[in-house]
Amino acid sequence: MTLVASLPETAKSRGRIAPAKLAHIVLRTQPDRIGILAGWYKSVLEAEAMCETDRLAFLTYDQEHHRVAIIGIPGLKDHEDGHVGLHHVAFTYGGLGDLVHTYERLKELDITPEFTINHGPTTSMYYFDPDKNQVELQVDNVPEEKFAEYFENGEFAANPIGITYDPDDLAARYHAGVPEEELLKRPDGVAPDISEFPSN
Ligand SMILES: [Fe+2]
């Protein structure tokens, strides 16, 4: 594995013109499933519809006009496992408290993660939407200015998958007042076999 000693320079600092931001994701589904998908993303992301018709839904949770869009296309086949393409999309929360709150809020709605991993750089929860698109909710374990330092310390190179954890235990320890720095630290352990995880 090759790891750089520091984060690559941004395209901007290299004098290049690159996108200003990652704008949105668009999912296609069967037209009669738009409402189901839109409802799930509204619940999970605390999103609202900017526009919702029987053909599409534009959803946002911030200043963007759409972060997630869902379009209905007649005749689509169901999701099939084992194809190349997009694996998952990830949303980062502002802190562990927000992630724990979201986990607990969604659990009340019977929306639970399929698996949870502390990757080292992030604490992550992986959900499947009703069409089996995989959505990661995460929080960064180290502050941005320490990303490079983290990747140099050897933990990630030794195990780039991470260690699974129990989200209820994480939430309980968070509420008990265990310091975030401690909760976000990747526990010792053996990397799980990634083939054991449900896949989309
Ligand atoms: Fe990810």
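Residues numbered from 1 in each chain as written. Predicted model: local features only at pLDDT ≥ 70, side-chain atom pairs only at ≥ 80, totals over all residues. Heavy atoms only, no water.

A. The overall build of the protein, seen in detail. Scanning the protein from N- to C-terminus turns up six helices and nine strands. Its C-alpha radius of gyration of 18 Å places the protein within 12% of the 16 Å reference for a compact globule of 200 residues. Counting the 200 residues in the protein, one finds 39% classified as buried. Taking all contacts inside the protein whose residues are at least 6 apart in sequence as the whole, residues at least 24 apart take part in 64%. In the form shown here, the protein has an accessible surface area of approximately 12200 Å², with 53% of it arising from carbon and sulfur atoms. (Helix = DSSP H or I, 4+ residues; strand = E, 2+ residues; numbered from the N terminus. Rg over C-alpha atoms; globule rule 2.2 N^0.38 Å. Buried < 20%, exposed > 50% of the residue type's maximum accessible area, 1.4 Å probe, protein only. Contact = heavy atoms within 4.5 Å. Areas by Shrake-Rupley, 256 points an atom, 1.4 Å probe, with all protein chains shown as cover.)

B. The arrangement of the sheet that holds strand β1 (residues 25–29) in detail. Across the sheet, which stays open at both edges, the four strands sit in the order β1-β4-β3-β2 with mixed pairing between neighbours. The sheet is open, and its two borders are formed by β1 and β2 (48–52), each paired with just one other strand. Shown here is a sheet whose adjacent strand axes are inclined to one another by a mean of 20°, direction ignored. Note that strand β3 (residues 56–60) and strand β4 (residues 68–72) share four bridges and pair antiparallel. Bridge pairing in β4 places Phe-58 opposite Ala-69. (Pairing = 2+ DSSP bridges. Axes fitted to C-alpha atoms, helices over the stretch in contact; angles between N-to-C directions.)

C. Spatial organisation of the environment of Ser-124. For Ser-124, the location among the structural elements is in strand β7 (residues 122–128). Among the residues examined, Ser-124 registers a relative accessible area of 0% and is labelled buried. As a C-alpha pair, Ser-124 and Ala-90 span 34 residues in sequence and 8.9 Å in three-dimensional space. Discounting residues that sit within four places of it in the chain, Ser-124 has contacts with Phe-115, Thr-116, Ile-117, His-119, Glu-136, Leu-137, Gln-138 and Tyr-165. Side chain to side chain, Ser-124 and Glu-136 meet in a polar contact 2.6 Å long. (Polar contact = N/O pair within 3.5 Å; in protein donor to acceptor, adjacent residues only side chain to side chain.)

D. Spatial organisation of the sheet that holds strand β5 (residues 88–92). One open sheet accounts for five strands, arranged β5-β8-β7-β6-β9; its pairing is mixed. The open sheet has two edge strands with one neighbour each: β5 and β9 (163–164). Here seven bridges tie β7 to strand β8 (residues 134–140), and the two strands are oriented antiparallel to one another. Directly across from Thr-122, in β8, lies its bridge partner Asp-140.

E. Representation of the coordination of the iron ion in the model. Protein-derived ligands of the iron ion are His-88 (NE2) and Glu-136 (OE), with the metal-ligand distances lying across 2.0 to 2.2 Å. Here His-88 is found in strand β5, whereas its partner Glu-136 is found in strand β8, with 48 residues between them in sequence. (Donors = N, O, S within 2.8 Å, 3.2 Å for Na, K, Ca; no water.)

F. Local environment of the side chain of Asn-159. Locating Asn-159 in the fold gives a position in the loop between α4 (155–158) and β9. Those residues within four positions of Asn-159 in sequence are excluded, and the remaining contacts are Arg-186 and Ala-191.

G. View of the environment of Leu-56. Mapped onto the elements, Leu-56 comes out in strand β3. Not counting residues up to four positions away in its chain, the partners in contact with Leu-56 are Ile-34, Cys-51, Ile-70 and Ile-71.

H. Quick peek at the nonpolar core. Core analysis: the biggest nonpolar cluster contains 33 residues, and Tyr-41, Leu-45, Val-68, Ile-70, Leu-96, Tyr-127 and Leu-137 have the highest contact counts within it. In terms of domain composition, this core takes at least three residues from each of domain 1 (22–76) and domain 2 (86–200). Apart from residues no more than four positions distant in its own chain, Ile-70 is found in contact with Leu-27, Thr-29, Ile-34, Leu-37, Ala-38, Tyr-41, Arg-55, Leu-56, Ala-57 and Leu-59. (Core = buried A, V, L, I, M, F, W, Y, C linked by side-chain atoms within 4.5 Å. Domains from an automatic or database assignment.)

I. Examining the pairing of β1 more closely. Residues Ile-25, Leu-27 and Thr-29 of β1 are buried on one face, while the alternating residues Val-26 and Arg-28, pointing to the opposite face, are not. As judged from the five bridges shared by β1 and β4, these two strands associate in the parallel manner. Across the sheet, the residue bridging to Leu-27 is Ile-70, located in β4.

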